[in-house]
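Examining the three-dimensional arrangement
Read off the chains here:
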Amino acid sequence: VESYIGFIESYRDPSGVRGEWEGFVACVNKEVSRKFQVLVDQAESFLEMMPWPKQLEKDKFLRPDFTSLEVLSFGSSGVPAGINIPNYDDIRQSEGFKNVSLGNVLQASYSVSPDKMVSFVAAADQDKFKALKGHAFEVQVGCHELLGHGSGKLYHQNTPDAQHLVDSDFLHPITGKPVTGPFYTTGATWGSTFGKLSPTYEECRAECTGLFLCLEPDILKVFGVQDPPPPGSDEIHDVSYINWLLMARAGLTGLEFYTPKTQEWRQAHMQARYVILRLLLEASDKQGDDDDRLLTLKEITSTDGKPDVEVQLNRSLISTVGRETIGDFLLKLQVYKSLGDVEEGTKLYNKYSEVPPEMAKLRETVMARKEPRKLLIQPHMSRGDGEAIELQSFPCTPEGMIESFIARFPSEDPELLALYHADKEAMKD
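Now for a quick tour of the structure. (Residues numbered from 1 in each chain as written. Predicted model: local features only at pLDDT ≥ 70, side-chain atom pairs only at ≥ 80, totals over all residues. Heavy atoms only, no water.)

1. A few points about the side chain of Ser-404
Quick reminder of the rule: Helix and strand assignments follow DSSP, with helices taken as H or I runs no shorter than four residues and strands as E runs no shorter than two, numbered in order from the N terminus. For the exposure calls, accessible area comes from a 1.4 Å probe over protein chains only, and a residue counts as buried if that area is under 20% of its type's maximum, exposed if over 50%, partly exposed in between. In this description, contact between two residues means that some pair of their heavy atoms is separated by no more than 4.5 Å.
Within the secondary structure, Ser-404 is located in helix α15 (residues 398-408). The exposure class of Ser-404 is buried, given its relative accessible area of 1%. When neighbours within four sequence positions are excluded, Ser-404 is seen to be in contact with Ile-377, Gln-378 and Phe-394.

Right under this line is the structure:
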């Protein structure tokens, strides 16, 4: 059994600083955890595949604990699919970190009804999308949490590491000039330097990591993908293709979380996925002809007679144009993060976060076809008469969700009050 509790994620704070309280209790899925342990065991070799030079990677990879959990109860405003903690890069860099993948959350949140059409996905991709969505997202979450959030090095002013980087005449991977800074100021952190941009910027870096590495045969083998294409091949596996299609679609539906009136994004992950969508569309625009485009958002009229959008992804270009595009962007994200270059990092990220008129028009279609968000209705476990454990389920309705919260977090909790009295004396000054 595993648990954690505290003020952790800052996504809901407009300033991206204050943490929201959350806590969970979960059981370890030992079978799936063994799979993740293989990923941890090979992480150092996988990190060498990243598109940045070794000077921007940690001197030593601090092997984390990576487990798959089945959540019994999760107390917060939302339930994530994966977690990387702590959220402090300085601690990750010096002490290490922990990853968890929430298996039953993944299954509940990303399962698709075989009889229902998935919005914005072409008819030719529907069956494959439904069949492989869960497997593709498992690969994405694993790479995102361990190799995305767990990678990269930060340089601070007036430290031996920063001085060594300058003295070695290390060339800036983007400008080609010797690096002289700016570096993080003494005592500054990633979050305090990049401010409210830091959560979505970091999520984008981790999402790009998943896209970039899911094309690697050795990564796919870890997740049980049978017969991945040989290294160096332009062919990609169905799981990799669906993962890229998932991301492109998520970038489009992410427009639901953009407010035109204030021109602001309301959710870090959704903004990150939209940024990736804009990046891939820009790369496609450079290619010219529609037949040679990596990605197209085709405006169509659906069977209901209303405007619709179809995400068309050119599978044959993912391993070439797609990989190069994501790799170049991932390099820039890491360079600006490692060097504490908030000016260039902000300029880059805000460029792709913009919603130009053509995307605002597509947003109207996205909003018109917006589906109700999935409600994760959690059951309530309690001790009944004697030692028997009772499981109380609730209807999958808004009313059911409210009943679930009331049952799990009553205004007066005798068990919690008993714990308070038991520890009261020990907590006095």
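2. Considering the packing of aromatic side chains
This is how the line gets drawn: In this analysis, rings of Phe, Tyr and Trp, with Trp reduced to its six-membered ring, are considered paired at centre separations within 6.5 Å, and the interplanar angle assigns stacked below 30 degrees, edge-to-face beyond 60, and tilted for intermediate values.
According to the stated counting rule, one finds 14 aromatic pairs in the structure shown. Pairing Tyr-4 with Phe-24 gives two aromatic rings, centres 4.5 Å apart and planes at 40 degrees, and the pair type is tilted. Of the two residues, Tyr-4 is situated in strand β1 (residues 2-9) and Phe-24 in strand β2 (residues 20-28); the sequence distance between them amounts to 20 residues. Comparing Tyr-4 with Phe-24 shows no difference in burial state: the two are buried. Centre to centre, the rings of Tyr-201 and Tyr-349 are 5.6 Å apart; their planes meet at 40 degrees, and the pair counts as tilted. Residue Tyr-201 is found in helix α8 (residues 198-213), and its partner Tyr-349 is found in helix α13 (residues 342-353); the two are separated by 148 residues along the sequence. Each member of the pair, Tyr-201 as well as Tyr-349, carries the same accessibility label: buried.

3. What about the environment of Leu-280?
Tracing the backbone through its elements, the reader meets Leu-280 in helix α11 (residues 268-285). The class for Leu-280 is buried, based on a relative accessible area of 2%. When the C-alpha positions of Leu-280 and Glu-403 are compared, they lie 43 Å apart, and in sequence the two are 123 residues distant. In this structure, Leu-280 is in contact with Trp-244, Leu-294, Leu-295, Thr-325 and Ile-326, ignoring residues within four places of it in sequence.

4. Brief notes about a nonpolar patch on the surface
What counts, and what does not: Here the term patch refers to residues with relative accessible area over 30% and no salt bridge, with like charges joined within 9 Å and nonpolar side chains (Val, Leu, Ile, Met, Phe, Trp, Tyr) within 5 Å. For every accessible area listed, the method is Shrake-Rupley and the probe measures 1.4 Å; residues are considered covered only by the protein chains on display. Criterion for a salt bridge: a side-chain nitrogen of Lys or Arg within 4 Å of a carboxyl oxygen of Asp or Glu.
On the surface, Val-1, Val-25, Leu-72, Met-381, Ile-389 and Leu-391 cluster together to form a nonpolar patch covering roughly 570 Å² of accessible area. Within the secondary structure, Ile-389 sits in strand β11 (residues 389-392). Residue Ile-389 is classed as exposed on the basis of its relative accessible area of 52%.

5. Quick word on the sheet that holds strand β4 (residues 82-85)
Which entries qualify depends on this criterion: Only strands that DSSP links by at least two bridges are regarded as paired with each other. Orientation is described by axes fitted as lines to C-alpha atoms, over the contacting stretch for helices, and by angles from 0 to 180 degrees between their N-to-C directions.
Pairing in this open sheet of 5 strands is mixed, and the strands run β1-β2-β3-β5-β4 from one edge to the other. Edge strands, defined here as strands with exactly one partner in the open sheet, are β1 and β4. The mean angle between the axes of side-by-side strands here comes to 40 degrees, regardless of whether they run parallel or antiparallel. In terms of strand pairing, β4 meets strand β5 (residues 98-102) through 4 bridges, oriented antiparallel.

These results come straight from atomic positions and should not be treated as a statement about function.
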